[in-house]
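These are the residues of each chain, in order.
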Amino acid sequence: MKAMVLHDVGKIESNPLKYEDYPTPKPSTGEILVKIISTGVCHSNLHMIEGDWVQYGVPAKLPIIPGHEIIGKVAELGEGVNNLKAGQPVGLSPLWNSCGRCEHCLTGNEHLCDSAQITGETVDGGYAEYVLAKANYVYSIPEGIDLQSDAPLFCPGVTAYRASKMAALGPESTVYVVGIGGVGHVAIQTSKLFGARVIAVSTSDEHAQLAKEMGADDVIMTNRNYDNLEKYHDSAGSVIVFSPSQKAIDASLRLVKKRGTFVMGVFGDIHDFRFVKEIKVRGSMIGPRSDMNEVLYLASKGKIKIKTTRFKVAEANEVLKMMKDGRIVGRAVLSP
Ligand SMILES: [Zn+2]
Ligand SMILES: [Zn+2]
């Protein structure tokens, strides 16, 4: 098969992904081979490719094929797989597999499993024609999902949904969503589903426009230093941050009012924490399979939409550069 393969981490400007022939994998017992229709391009793909996460052991192997939000059709069944049929549309999320026995797996939090395998980070992912999957970790795709462009439901979709859950929202609440990129634009919709008033905080006119299209009640414009938000300090019951910027995190923490909830969906540090405000700080990371299935159900009913721009897998270096510069509106999706 053809795939975009990472042999060595490096800055995206040096085109570290190579489009080349790669052995088509064979499904073992309990696995399936999926013929890929579309794969979303995630900011975390860029972090891995550029070597930002080597300290965390990512990528776990080289060469590796990135990509962890995937829609395809079952091409081949490994031995012992009887819950799926050839030709059936399925999706893969970052959670490729987990141990099934630890405290987190047994309490429905398998996305936190310490021995989880991550699609495109510890095993080959979706910037390719085919991908292997564990039959118990793929999702059947209901009617109403667009196989060509809804692959990002499998990462931004579930990530946004879980963050909105973590933000303790209800009809009386106001939530600020900071960073209106691939995840943030979905978080506006998922926060609306919980009844909250949603205010987007954006650094670009294009993203602000997208926020309005996605149902934001209001948009606050800021700059890349996030240094003009004083008048909004202590005003939000909940704040969700998806902007991968320490300045955004620092500024956003100040927006939370007393006893409010601060949800971080990105790497970063908490500075200047004012304990006297009795704020709750929560991390949110992807989500378990139960949240993923809820997202698929909601999307099949038209309640969660992904704004996408489509490209070819072979263009992945270019697309990642555009994402790095903030030139992708919504989410980029690659097709073989
Ligand atoms: Zn992702
Ligand atoms: Zn486990």
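The structure displayed is predicted, hence computed values, not measured ones.

Conventions we followed
Residues numbered from 1 in each chain as written. Chains lettered and ligands numbered in written order. Predicted model: local features only at pLDDT ≥ 70, side-chain atom pairs only at ≥ 80, totals over all residues. Heavy atoms only, no water. Donors = N, O, S within 2.8 Å, 3.2 Å for Na, K, Ca; no water. Tetrahedral: all angles 85-135°; square planar, octahedral: opposite > 155°, others 65-115°. Helix = DSSP H or I, 4+ residues; strand = E, 2+ residues; numbered from the N terminus. Contact = heavy atoms within 4.5 Å. Domains from an automatic or database assignment. Salt bridge = Lys/Arg side-chain N within 4 Å of Asp/Glu carboxyl O.

## Here we look at the coordination of the zinc ion (ligand 2)
Taken together, Cys99 (SG), Cys102 (SG), Cys105 (SG) and Cys113 (SG) make up the full set of protein donors to the zinc ion (ligand 2), lying 2.3 to 2.4 Å away. If you look at the zinc ion (ligand 2), its four donor atoms make angles of 106 to 118° with each other, and the shape they trace is tetrahedral. Mapping the donors of the zinc ion (ligand 2) onto the primary sequence yields the spacing C-x2-C-x2-C-x7-C.

## Looking at the environment of Gly67
Relative to the helices and strands, Gly67 resides in the loop between helix 1 (43-49) and strand 4 (70-77). Separated by 46 residues in sequence, Gly67 and Cys113 place their C-alpha atoms 20 Å apart. Among all residues touching Gly67, those that are not within four sequence positions of it are Thr39, Asn45, Thr119, Gly120, Gly125, Gly126 and Tyr127.

## What to know about the domain arrangement of the protein
With domains assigned, the protein is organised as domain 1 (2-155 + 286-335) and domain 2 (157-283). Between domain 1 and domain 2, the C-alpha centre-to-centre distance is 26 Å. At the junction of the two partners, domain 1 supplies 28 residues and domain 2 supplies 21 residues. Taken together, the connections running from domain 1 to domain 2 amount to four salt bridges. A salt bridge links Glu294 to Lys165, with the nearest nitrogen and oxygen atoms 3.3 Å apart. The dominant element in the side of domain 1 that touches domain 2, judged by the number of residues it contributes, is helix 7 (residues 289-300), at five residues.

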